[in-house]
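# Descriptive structure summary
Below are the chains, spelled out letter by letter.
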Amino acid sequence: MLEVLKKDLHVNNPTEETIGLSSEEAFELLSAHGENRLSAKNKNSVLKIFAGQFHDVMVMILLVATVISVLLGEYADAIPIMIIVVVNAILGFIQEYRCEKTLEKLEAMTAPNAKVYRDGKLSVIPASQIVVGDVFEVEAGDRIPCDGFILSAKSLTCDESILTGEALPAEKVARTTQVDFSNLNLTYMGYMGSVATKGWGRLQAVATGERSQMGKVSKMLENIYSEQTPLQKKLGELGRTLAIICLGVCIIVFLAGVIRGEPVFDMLMTGITIAIAAIPEGLPATVTIALAMAVRKMLKRKALVHKLHSVETLGCTTVICTDKTGTLTMNKMTVTHAYTLSNDEAEYIFPKDKGSDGVINSDGKLIMAWDNAVLNEMLICGAVCNNARFSVSSPASGRNRNGLVSKYQAIGDPTEAAILTASARAGIDSKNIQLKRIDEQPFDSDTKFMSVICTDSEGEQITYKKGAPDVIIKSCGYKLSDSSEELAPLTARDRQLIMKKNDSMANSGLRVLGFCEIRNDKSVFLGLMGMADPPRAEAKRSVRLCKKAGIKTVMITGDHKLTASVIAKEVGIMQEGDLCITGNELDNMTDEQLCEIIDKTAVYARVSPAHKLRIIKAFKAKGNVCAMTGDGVNDAPAIKESSIGVSMGVSGTDVTKQAADVILLDDNFATLVNAVEEGRTIYQNIRKFVRYLISCNIGEVLTMFGGIIMGLPIVLVPAQILLVNLVTDGLPAVALGLEPGEKSVMQRPPRKESDSFFKGGLLTRIVIRGILIGLCTLASFTCLLKMGYTLPQARTGAMITLIVSQLIHVFECKSEEKTLFSVPFFSNPFMLFAVAVSIICLLLCIYIPFLSGVFALVRPGPTMWLVSVGFSFAVPIFSGIFSKLSI
């Protein structure tokens, strides 16, 4: 196989102008070798989903009994039952098929991408489309999409523990020998499924899919929707308990009917039919459909739910730990202030008009970079120690020593883009700087700086660094003189002045970075830049909403303590008396001490990923359900540890996204709060339709059981029971799952995960309502018989009462706090549609001769309608009386 792959492998020389494959070559290879996937997930076919609607044991028993009745010539009983079963199956199929498609869409959206050279251009494509010979790039946080050898790399290390079990990241270097991709632990190879933890690399694909090392040792087992959610399991257990009770009742009904002299076969069919109509075996499936609909709704609000169970957990969230930059703020960095220190301190302000060139000095004059040697050197450092680039740039007219750039549209990391733009506004054109980069040390959350090594036109080597001011200052021993040609020692007083200015900028809410250069082994401080990143307009409202909902919001950031505190106060996270703790202070605390102050702390600043993990564990130790946001590769442990891991969709790395339960597609804190609100709403809605379904089932069972106990004729024949089930259990229950959130949903404390599903008297309400539905149906049936109506007429009236009372009850279930007469009837158009369809189905079955014959129904007169509907409306009246008495 190695030789076959080598034929397709077009080894690229990194110095060639055209890198990678053409689109035509890639298409041919993809057709020949298939997609870059491991063993595919088994998907349910359309036929399998439809056939699954008949897999229930009770349905199969009913179908067998129906076939027997056909063989015996009892077509009147068999035909309506077959019609109902098939229609029910079609409705169930439609719902399950839509649910399946929604989950497939979500799975596709969370599938990894890869940065691949096609037709000489670096493009982002689905990782499944990579073929042998493709050249792709990875950086810290990217998951390597296939096996490939390294063409070039900068400080690249990869976590290969998924393949090798080795805990420490493996250092990677460019290939210098013949390619051998048949083994693991090769320093010049990147392996599918491993994660780049640091640095950058360019690789060429040599094995994809099942031909990769990952494909040899494992099959893709990941199926994020295979397990039932905790709520599904709870309701599954409830369904089984109710099923046992219902089966017991059905057996009693069967035996009582036989003892009373009813035909054995008729009573058998009646018992089976009651079991089918009453046993809530579909509760877990209904929950899945409701959760899938909630996921679809969340997606419209820019929150991509990766795992279904997280929809439930979102509603229990008590603490949200959020990053600052890009989540609470707009992540639109703009350099507003600069500071240098040579013989004297100097401050600079960048004009608010972003189209204006130059900076304003302490005298209020507009100057360019070359007007001050130290400022010029710092801005060169900012432009060179930078991986952002301009998508549109053109030299301005007029004399310009450094090539003035007049239009700025920088792309890349927002911080680096802001620095590059600031340098350009002051006259520094990064393309015309006579420096050649020869190496880079990428920014690391542990070191808190980035550095590049360059050579100038004379071959002298210079290192430029930018990073956290305290880290930069510690590494510096010198400062520039005004001429920038002589060095002076950086004294203790100088350090105090720098830190004072740093604190001053941070107190203004600016993010501050320090800059230095190293020449001839001497580290020279160049200056500071302060960047404004305004809070999102919606952040303050969302934080306020969280407080009303009993959710504590905590900021966790790598920024300076003062900067973080200013933003936290501005958005409402930090109040009078709240604490701001730094990473250094955390290092000096025990876990017990952290737990003691964690409730009083609103901001954690200058923290590392290890600190984030400690904070999450401390919150969970105190019984909190904690949501944690993150974007970097090192955030993955904290995200996995949290109750709800939240990744940034724009700035998040592959590994963070795959570790997360929820992905914010717009990196917005407000989106996370919206997701919490949706999580609460869907839990409420699940309670609503469970309340509705079980109440109706109790009513149906009590109607049949009560009739037997009272010595009445069989109240409803099997076909009528199934018709009731079809008309009332389908669309109305789904409609309850689509109820919009009530205004109070974010005005009450979070529920506890340990809380009973029926907390708040829900079970009592369900039982009472079910009993009332059954009693009123029996009363309608008895009353009509006493008034001289025939048995078919009485059954028709009882069925009308049972259906209408259930359709009235669906409106009562819209709220647990309001009565039928105060709920908003028009807030859910789909419910109005569902109830209208149910009523139309009832009327068609009554007034169309063929259907009325099939279901043994007769046309009711005005009096019958009045009696039947009257008893239906008696149900909510009696229910309201019971509710008042229970209070």
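Quick caveat, the model's predicted, so the values are computed rather than measured. (Residues numbered from 1 in each chain as written. Predicted model: local features only at pLDDT ≥ 70, side-chain atom pairs only at ≥ 80, totals over all residues. Heavy atoms only, no water.)

### Points about the overall build of the protein
Within the protein, the secondary structure is distributed over 30 helices and 28 strands. The buried share of the protein, reckoned over its 887 residues, is 53%. A sequence separation of at least 24 residues applies to 70% of the contacts in the protein between residues at least 6 apart. Roughly 38,500 Å² of accessible area belongs to the protein as shown, and the carbon and sulfur atoms make up 58% of that amount. (Helix = DSSP H or I, 4+ residues; strand = E, 2+ residues; numbered from the N terminus. Buried < 20%, exposed > 50% of the residue type's maximum accessible area, 1.4 Å probe, protein only. Contact = heavy atoms within 4.5 Å. Areas by Shrake-Rupley, 256 points an atom, 1.4 Å probe, with all protein chains shown as cover.)

### Regarding helix α20 (residues 609-621)
Here α20 is 13 residues long and its end C-alpha atoms lie 18 Å apart, about the 18 Å a rise of 1.5 Å per residue gives. Taken residue by residue, α20 has Pro609, His611, Lys612, Ile615, Ile616, Ala618 and Phe619 as its buried positions. At the exit of α20 stands Gly623, carrying a positive phi of roughly 85°. (Expected span 1.5 Å × (residues − 1).)

### Side note on the packing of helix α24 (residues 718-729) against helix α27 (residues 791-812)
Where α24 contacts α27, the two axes come as close as 10 Å, and the packing angle between them is 20°. When the axes of α24 and α27 are compared, the pair comes out roughly parallel. Classified by chirality, the crossing of α27 by α24 is right-handed. The residues of α27 that touch α24, namely those facing Gln720, Leu723, Val724, Val727, Thr728 and Asp729, are Arg795, Met799, Leu802, Ile803, Gln806 and Leu807. A class-by-class count of the residues in the contact of α24 with α27 yields seven nonpolar, three polar and two charged. (Axes fitted to C-alpha atoms, helices over the stretch in contact; angles between N-to-C directions. Parallel < 35°, antiparallel > 145°, perpendicular 65-115°, else oblique. Left-handed = near helix turned anticlockwise from the far one by under 90°. Nonpolar A, V, L, I, M, F, W, Y, C, P; charged D, E, K, R; others polar.)

### Some details on the pattern of salt bridges
Across all of its chains, the model carries 29 salt bridges by this definition. Note that Asp142 is salt-bridged to Lys115, the shortest N-O span being 2.9 Å. Here Lys115 lies in strand β1 (residues 113-118) and Asp142 lies in the loop between β3 (135-139) and β4 (147-159), a separation of 27 residues in the sequence. A salt bridge links Glu517 to Arg519, with the nearest nitrogen and oxygen atoms 3.0 Å apart. Among the ionic contacts, a cluster of salt bridges with common partners joins Glu377, Glu460, Glu517 and Arg519. (Salt bridge = Lys/Arg side-chain N within 4 Å of Asp/Glu carboxyl O.)

### Observations regarding unusual backbone geometry
In this structure, Ser155 is a non-glycine residue whose phi angle is positive, near 50°. As for its position among the elements, Ser155 is in strand β4. Phi at Lys302 takes a positive value of approximately 75°, unusual for a residue other than glycine. By the element assignment, Lys302 lies in the loop between α10 (283-300) and β8 (303-305). Overall, the relative accessible area of 44% leaves Lys302 in the partly exposed class.

### Here's the deal with the packing of aromatic side chains
What describes a pair of aromatic rings is the distance from one ring centre to the other and the angle between the planes of the rings. In total, this model carries four aromatic pairs according to the counting rule given. Geometry around Tyr478 places Lys522 over its ring, the cationic atom sitting 5.4 Å from the centre. (Phe/Tyr/Trp six-rings, centres within 6.5 Å; stacked < 30°, edge-to-face > 60°. Lys NZ or Arg CZ within 6 Å of the ring centre and 35° of its normal.)

### Notes on the side chain of Ser342
Examined against the element boundaries, Ser342 turns out to sit in the loop between β10 (334-341) and β11 (345-349). Residue Ser342 is classed as buried on the basis of its relative accessible area of 6%. When sequence neighbours within four positions are dropped, the list of residues in contact with Ser342 reads Val374, Lys479, Leu480, Ser481 and Asp482.

### Some words on the packing of helix α12 (residues 373-384) against helix α13 (residues 414-425)
One way to put it is that α12 packs onto α13 with a least axis distance of 8 Å and a crossing angle of 140°. By the angle between their axes, α12 is oblique relative to α13. Between α12 and α13 lies a crossing of left-handed hand. Here Leu379, Gly382 and Ala383 of α12 come into contact with α13, specifically with Ile419, Leu420 and Ser423. Its residues placed into classes, the contact of α12 with α13 shows four nonpolar, two polar and no charged.

### Section: the pairing of strand β17 (residues 449-456)
β17 sits mainly inside the fold: seven of its eight residues count as buried. Bridging between strand β16 (residues 435-441) and β17 involves six bridges; their strand directions are antiparallel. Residue Glu440 lies in a different strand from β17, and its bridge partner there is Val452. With seven bridges joining them, β17 and strand β18 (residues 461-467) adopt antiparallel strand pairing. Along β18, the bridge assignment pairs Ser451 with Lys465. Linkage of β17 to β18, two consecutive antiparallel strands, is achieved through a turn of four residues, within which Gly459 is found at a positive phi near 90°. (Pairing = 2+ DSSP bridges.)

### As for the sheet that holds strand β23 (residues 552-556)
Across the sheet, which stays open at both edges, the eight strands sit in the order β8-β28-β27-β26-β9-β23-β25-β24 with mixed pairing between neighbours. In this open sheet, the two edge strands, each paired with only one partner strand, are β8 and β24 (579-582). If you compare each strand with its neighbour and ignore which way they point, the axes differ by 20° on average. In this sheet, β23 lies alongside strand β9 (residues 319-322) in parallel orientation, the contact comprising four bridges. Pairing of Val319 across the sheet is with Lys552, part of β23.

### Notes on the nonpolar core
Core analysis: the biggest nonpolar cluster contains 111 residues, and Ile686, Phe689 and Tyr692 have the highest contact counts within it. With 17 residues, helix α23 (residues 669-709) is the single largest residue contributor to this core. Beyond its immediate sequence surroundings of up to four residues, Tyr692 is in contact with Thr728, Pro732, Ala733, Leu736, Gln806, Leu807, His809, Val810 and Cys813. Membership of the second largest hydrophobic core comes to 42 residues, among which are Ala346, Phe350, Cys381 and Cys454. (Core = buried A, V, L, I, M, F, W, Y, C linked by side-chain atoms within 4.5 Å.)

### Thoughts on a positive patch on the surface
A cluster of basic residues, Lys540, Arg541, Arg544 and Lys548, forms a positive patch at the surface. Note on placement: Lys548 falls in helix α16 (residues 537-548). (Patch = residues over 30% accessible without salt bridge, like charges linked within 9 Å, V, L, I, M, F, W, Y side chains within 5 Å. Lys, Arg positive; Asp, Glu negative; His and termini not counted. Charge placed at Lys NZ, Arg CZ, Asp CG, Glu CD.)

### Thoughts on the pairing of β9
Covered by surrounding structure in β9 are Val319 and Cys321 together with Ile320 and Thr322, the residues of both alternating faces. One ladder, built from three bridges, connects β9 with strand β26 (residues 626-630); its direction is parallel. Its bridge partner being in β26, Ile320 is matched across the sheet by Ala627.

### Section: a nonpolar patch on the surface
Together, Met82, Val86, Ile90 and Ile94 give the surface a local cluster of nonpolar side chains, amounting to about 290 Å² of exposed area. Structurally, the position occupied by Ile90 is in helix α5 (residues 75-109).

### Regarding α23
Counted at 1.5 Å a residue, the expected span for α23 with its 41 residues is 60 Å, and the 59 Å between its end C-alpha atoms agrees. Within α23, 36 of the 41 residues are buried, leaving the element largely enclosed by the surrounding structure. Two residues or fewer past α23, Gly711 is found with a positive phi of approximately 80°.

### With respect to the confidence of the model for the protein
As a note on interpretation, predicted positions should not be read in detail where pLDDT is low. Overall, the prediction assigns the protein a mean pLDDT of 82, with 85% of residues at 70 or greater. Note on residues 392-406: pLDDT under 50 across the span, and 35 contacts to partners over four residues away in sequence or across chains. (pLDDT = per-residue confidence, 0-100.)

### Side note on a negative patch on the surface
A surface patch of negative charge is lined by Glu24, Glu25, Glu28 and Asp119. The topology assignment puts Glu28 in helix α2 (residues 23-33). Since its relative accessible area comes to 56%, Glu28 is described here as exposed.

### Remarks on the environment of Glu816
For Glu816, the location among the structural elements is in the loop between α27 and α28 (829-847). With 125 residues separating them in the primary sequence, Glu816 and Arg691 have C-alpha atoms 9.9 Å apart. When neighbours within four sequence positions are excluded, Glu816 is seen to be in contact with Arg687, Arg691, Glu742 and Arg765. Polar side-chain contacts of Glu816 include one of 2.7 Å to the side chain of Arg687. (Polar contact = N/O pair within 3.5 Å; in protein donor to acceptor, adjacent residues only side chain to side chain.)

### Observations concerning the environment of Lys154
Counting through the fold element by element, Lys154 comes out in strand β4. Counting along the chain gives 46 residues from Lys154 to Trp200, while the straight-line C-alpha distance between them is 5.2 Å. Once you skip the residues sitting within four places of it in the chain, Lys154 turns out to touch Gly199, Trp200, Ile438, Asp439 and Glu440.

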